[in-house]
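Single-letter residue listing:
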Amino acid sequence: MIDALGRNIEYMRISVTDRCNMRCMYCMPHEGVVWRPHEEMLSYDEIVRLCKIFAALGISKIKLTGGEPLVRKNLSSLVKRIKSLDGIENVTLTTNGLFLAQQLDALSDAGLDAVNISVDTFDEDVFQKITGASGVQKIREAINKALTFENIRVKVNCVPLKGINDDSLAELALLAKDHRLSVRFIEMMPIGLGRQFEAFKEDELKTLLEKQFGPMTYFNGKLGNGPCRYYTVEGFRGKIGFISAVSHRFCDKCNRIRLTSEGFLKTCLQYNEGSDLKALLRSGKDDEEIKMCIRDTIFHKPEGHHFGQTFDAQCSKTEEHKMFQIGG
Ligand code: SAM
Ligand code: SF4
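A brief look at the structure comes next.

Conventions we followed
Residues numbered from 1 in each chain as written. Chains lettered and ligands numbered in written order. Predicted model: local features only at pLDDT ≥ 70, side-chain atom pairs only at ≥ 80, totals over all residues. Heavy atoms only, no water. Helix = DSSP H or I, 4+ residues; strand = E, 2+ residues; numbered from the N terminus. Rg over C-alpha atoms; globule rule 2.2 N^0.38 Å. Contact = heavy atoms within 4.5 Å. Lys, Arg positive; Asp, Glu negative; His and termini not counted. Charge placed at Lys NZ, Arg CZ, Asp CG, Glu CD. Near = heavy atom within 4 Å. Polar contact = N/O pair within 3.5 Å; in protein donor to acceptor, adjacent residues only side chain to side chain. Areas by Shrake-Rupley, 256 points an atom, 1.4 Å probe, with all protein chains shown as cover. Nonpolar A, V, L, I, M, F, W, Y, C, P; charged D, E, K, R; others polar. Core = buried A, V, L, I, M, F, W, Y, C linked by side-chain atoms within 4.5 Å. Buried < 20%, exposed > 50% of the residue type's maximum accessible area, 1.4 Å probe, protein only. Arc of directions from axis to C-beta. Salt bridge = Lys/Arg side-chain N within 4 Å of Asp/Glu carboxyl O. Pairing = 2+ DSSP bridges. Axes fitted to C-alpha atoms, helices over the stretch in contact; angles between N-to-C directions.

**Describing the overall build of the protein chain**
Then, in step 1: A count of helical and extended segments in the protein chain gives twelve helices and twelve strands.
Then, in step 2: For 328 residues, the compact-globule estimate of 2.2 N^0.38 gives 20 Å, and the protein chain sits close to it at 19 Å.
Then, in step 3: Dimensions of the protein chain, computed from the C-alpha atoms along their principal axes, are close to 55 × 45 × 45 Å.
Then, in step 4: The contacts of the protein chain with a sequence gap of at least 6 include a subset with a gap of at least 24, amounting to 73%.
Then, in step 5: Between the averaged position of the 45 positive side-chain charges in the protein chain and that of its 44 negative side-chain charges there is a distance of 2 Å.

So, in structure tokens, the structure goes:
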């Protein structure tokens, strides 16, 4: 579907839960969170019904996220149901990897197209400091196992944190040397707890990696559904990417919307604008009425974020939810 600014909205991130088995310092409070009751989350039937409506409006690519999506029971059954809908070309997953290895067979059978594994370091002490959990070995196993499925594209996502995982970044990038995967560095976004951290700038990190691995050449082709800028490095099988929403704003090309686990349709990461689709579903609206609401909401998608501008702190529409509630 085309929005008022002519952008083709074809990609939706669906958060299937706000629960998580980690407490990443930039995403979820260490002291814990009061979980929303299960009844407030969309059921799988509700998610599938909405996906069918979204698909009719031109959404063809779905990413399942959370919280940690793999803590929700039988996620592969949801993948299978969404994948079988007319118009849906691509179902992918983003996960912290802790529960991935044991679910990969079922996810592959269900038709999963790609998996993004988030890991910020392979140093167990630093990992525990960042995530409040242990499990570097499990994540390594999950990455290795994912690579054995030829039908699943694999990406590794890392959030560089100044003064915390600086020494781990080159080691993570090296995964792309020997394996058929891309490693992407995601710039910290000033959302929720992320506001407390200084972002590692893309240009600075690129210079640092080039010192170690040699020149990085901009890759002009298309890879994946999003705004990542990819580079090739001589001798590397995979690519190195940067997703830099603040320093290299990409709102003019934004193709995405988000559905929270509570069924709220969000049209821009920064703002709380959108529509409560759960309320429509549960008040007995028919598909046509829901479709009209979605169409109107997408049409009015904001022009873009204003991270870092004074306007953003003052704006009453600024998102106050944390990243685990939004889904990244
Ligand atoms: N639990 C899953 C995971 O970690 O991949 C899915 C949800 S998580 C919110 C999705 C992605 O958002 C992760 O790669 C995480 O590192 C990233 N993220 C969380 N907070 C962020 C922030 N403030 N800025 C940039 N990325 C963030
Ligand atoms: Fe959980 Fe992912 Fe947030 Fe980490 S980034 S706390 S793994 S939802």
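**Notes on the site of ligand 1**
Then, in step 1: Residues in close proximity to ligand 1 total 19 residues, the closest being Tyr26, Gly67, Thr94, Ser118 and Met189.
Then, in step 2: Interatomic distance of 3.2 Å between a side-chain N/O atom of Glu68 and a nitrogen atom of ligand 1.
Then, in step 3: In this structure, Ser118 approaches ligand 1 through a side-chain N or O atom, which is 2.6 Å from an oxygen atom.
Then, in step 4: Within the complex, the protein chains bury 95% of what would otherwise be the 550 Å² of accessible surface of ligand 1.
Then, in step 5: Class assignment for the residues of the shell around ligand 1 results in seven nonpolar, ten polar and two charged.

**Description of the nonpolar core**
Then, in step 1: Ranked by internal contacts, the top residues of the largest apolar core, which has 103 residues, are Tyr26, Phe54, Leu64, Ile143, Phe185 and Ile240.
Then, in step 2: Counting residues per element, this core draws most heavily on helix H1 (residues 44-56), at eight residues.
Then, in step 3: For Leu64, the contacting residues outside a window of four places in its chain are Ile14, Val16, Pro69, Leu75, Leu78, Val79, Ile82, Val91, Thr92, Leu93 and Thr94.

**Concerning helix H5 (residues 136-146)**
Helical geometry note: an α-helix holds 3.6 residues per turn, so side chains three or four residues apart project in the same direction.
Then, in step 1: For H5, the complete set of buried residues consists of Val136, Ile139, Ala142, Ile143 and Ala146. The buried residues of H5 occupy one face: seen down the axis, they fall within an arc of 120 degrees.
Then, in step 2: Next to the buried residues of H5 lie helix H3 (100-110), strand E4 (114-118), helix H4 (124-131), strand E5 (153-158) and helix H7 (175-178).

**Let's talk about the pattern of salt bridges**
Then, in step 1: According to the stated counting rule, one finds 17 salt bridges in the structure shown.
Then, in step 2: With a closest N to O distance of 3.8 Å, Glu40 and Arg36 form a salt bridge.
Then, in step 3: When its relative accessible area of 27% is taken as the criterion, Glu40 is described as partly exposed.
Then, in step 4: Linking Lys291 and Glu288 is a salt bridge whose minimum nitrogen-to-oxygen distance equals 4.0 Å. Of this pair, Lys291 and Glu288 both sit in helix H10 (residues 287-299), three residues apart, roughly one helical turn.
Then, in step 5: Lys291 gets classed as buried once you look at its relative accessible area, which sits at 18%.
Then, in step 6: What makes Glu288 partly exposed here is its relative accessible area of 44%.

**Thoughts on unusual backbone geometry**
Then, in step 1: With a phi close to 55 degrees, Asn74 is a non-glycine residue in the positive phi region.
Then, in step 2: The residue Asn74 is located in the loop between strand E2 (61-65) and helix H2 (75-83) in this model.

**Regarding the sheet that holds strand E11 (residues 264-266)**
Then, in step 1: Sheet architecture is open: twelve strands sit in the order E7-E8-E9-E6-E5-E4-E3-E2-E1-E10-E11-E12, paired in mixed fashion. Looking at the sheet topology across the chains shown, the edges are occupied by strand E7 (216-218) and strand E12 (274-276). Between one strand axis and the next, the sheet turns by 25 degrees as a mean value, whatever way the strands run.
Then, in step 2: For strand E6 (residues 182-186) and strand E9 (residues 240-243), the ladder comprises four bridges, and the chain directions are parallel. In the strand pairing of E9, Arg184 is matched with Gly241.
Then, in step 3: In this fold H2 packs onto E2 and strand E3 (90-95), with an angle of close to 170 degrees to the strand it touches most, E2.
Then, in step 4: Of the strands in this sheet, E4 and E5 are in contact with H5, which crosses E4 at around 160 degrees.

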